[in-house]
Amino acid sequence: MNKKGHVLNAILLALGLGVILTIDPRTFEPNRAETYVLLAQKIGQLSLPIILGALFPDVDTAFGKHRKTLHNLPVLIVFLAFPLVFDNLHFVWIGVATHYVLDMVGSKRGIALFYPLSPQEYDLPTGVATSSKYADIVTYVVTAAELVVLAGIHYYVISLDVSLADTAAAFTAVL
Ligand SMILES: [Zn+2]
């Protein structure tokens with residue numbers, strides 16, 4: 001996927017995730033102004049880190065091997081660990097993760113998930129060429145699917161509206 005696709009995906013994901021995390025359809029009261037203030041805050045909090053994260057992996061077009069050096073799970077783990085260790089770069093990992101999803105699902109060439117352990121690139125047969133006229137549509141479809149999955153997890157499995165640092169603290173407290 002090209003830069004435009006990744007930025008579009010990141011913006012829409014931040015907007016959608018902001019809605020998912022702020023508005024619970026089971027208790028939503030459309031007349032409460034407070035909800036919309038919280039919604040705007042949440043989207044503001046999520047958008048820039050997610051967009052920056054979505055831009056990061058393609059830095060390997062200039063440094064290292066494209067679709068390998070910064071397109072792998074060890075890099076994602078670094079971004080997941082960063083908020084826990086340094087208490088900064090929160091939510092950037094979401095942008096990195098969605099970049100990987102879009103590259104694997106939405107474009108022809110895969111990514112080397114286990115690089116540097118293996119140079120093998122993984123891909124789904126759903127992708128279209130980045131120059132294809134369907135590239136934008138594929139981006140919308142992938143983003144919508146991601147939001148459905150995230151909403152399902154948030155509403156039915158575990159609340160996503162907690163910082164990783166809080167989760168780690170709770171986990172440590174249990175231990
Ligand atoms: Zn990429």
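Residues numbered from 1 in each chain as written. Predicted model: local features only at pLDDT ≥ 70, side-chain atom pairs only at ≥ 80, totals over all residues.

You'll find the protein chain entered in an unreviewed UniProt entry as Metal-dependent hydrolase, with Haloferax marinisediminis given as the organism.

A. Looking closely at the overall build of the protein chain. Looking only at helices and strands, the protein chain features six helices and zero strands. Along the protein chain, helices (α) and strands (β) appear in the sequence α-α-α-α-α-α when read from the amino end. Computed over C-alpha atoms, the radius of gyration of the protein chain comes to 17 Å, within 12% of the 16 Å expected from 2.2 N^0.38 for 175 residues, which places it in the range of a compact globule. With respect to the three principal axes, the spread of C-alpha positions in the protein chain is 50 × 45 × 25 Å. Counting across all 175 residues of the protein chain, residues that qualify as buried make up 28%. Within the protein chain, counting contacts between residues at least 6 apart in sequence, those at least 24 apart form 63% of the total. (Helix = DSSP H or I, 4+ residues; strand = E, 2+ residues; numbered from the N terminus. Rg over C-alpha atoms; globule rule 2.2 N^0.38 Å. Buried ≥ 20, exposed ≤ 12 C-beta atoms within 10 Å, placed from the backbone. Contact = placed C-beta atoms within 7 Å.)

B. Expanded view of helix α5 (residues 135–157). Along its 23 residues, α5 runs 32 Å from first to last C-alpha, staying within 8% of the 33 Å computed at 1.5 Å per residue. V138, T139, V142, T143 and E146 are the residues of α5 that are buried. (Expected span 1.5 Å × (residues − 1).)

C. Quick look at the UniProt feature "transmembrane region" (unreviewed entry) in the protein chain. Sites flagged by UniProt as "transmembrane region" (unreviewed entry) map to residues 6–23, 35–56, 76–102 and 137–158. Here residues 76–102 is 81% helix and 0% strand, with 14 Å between the C-alpha atoms at its ends. Spanning residues 137–158, this segment combines 95% helix with 0% strand, and its end C-alpha atoms are found 30 Å apart. (UniProt positions renumbered as here; feature names shortened; annotations may be inferred.)

D. Layout of the nonpolar core. In terms of nonpolar packing, the biggest core is built from 26 residues, with A14, L17, I50, W93 and V96 touching the most fellow members. Taken together, the elements giving at least two residues each to this core come down to α1 (3–22), α2 (33–55), α4 (92–106) and α5. No other element matches α4, which puts nine residues into this core. Excluding residues that lie within four positions of it along the chain, W93 makes contacts with G53, L76, F79 and L80. (Core = buried A, V, L, I, M, F, W, Y, C linked by C-beta atoms within 7 Å.)

E. Structural context of the environment of L76. Take L76: it is sitting in helix α3 (residues 73–86). Along the primary structure L76 and G53 are separated by 23 residues, whereas in three dimensions their C-alpha atoms are 9.9 Å apart. When neighbours within four sequence positions are excluded, L76 is seen to be in contact with W93, V96, A97 and Y100.

F. Region of the structure containing the packing of α1 against α5. Where α1 contacts α5, the two axes come as close as 9 Å, and the packing angle between them is 25°. When the axis of α1 is compared with that of α5, the two are roughly parallel. As for how α1 packs across α5, the hand of that crossing is right-handed. Contact residues: α1 offers G5, L8, N9, L12, L13, G16, L17, I20 and L21, while α5 offers A135, T139, V142, T143, E146, L147, L150, A151 and H154. (Axes fitted to C-alpha atoms, helices over the stretch in contact; angles between N-to-C directions. Parallel < 35°, antiparallel > 145°, perpendicular 65-115°, else oblique. Left-handed = near helix turned anticlockwise from the far one by under 90°.)

G. Representation of unusual backbone geometry within the structure. That bond from Y115 to P116 is cis: its omega, 5°, falls within 30 degrees of zero. Relative to the assigned elements, P116 resides in the loop between α4 and α5. Positioned with a positive phi, R67 is a non-glycine residue whose angle comes to about 70°. Mapped onto the elements, R67 comes out in the loop between α2 and α3.

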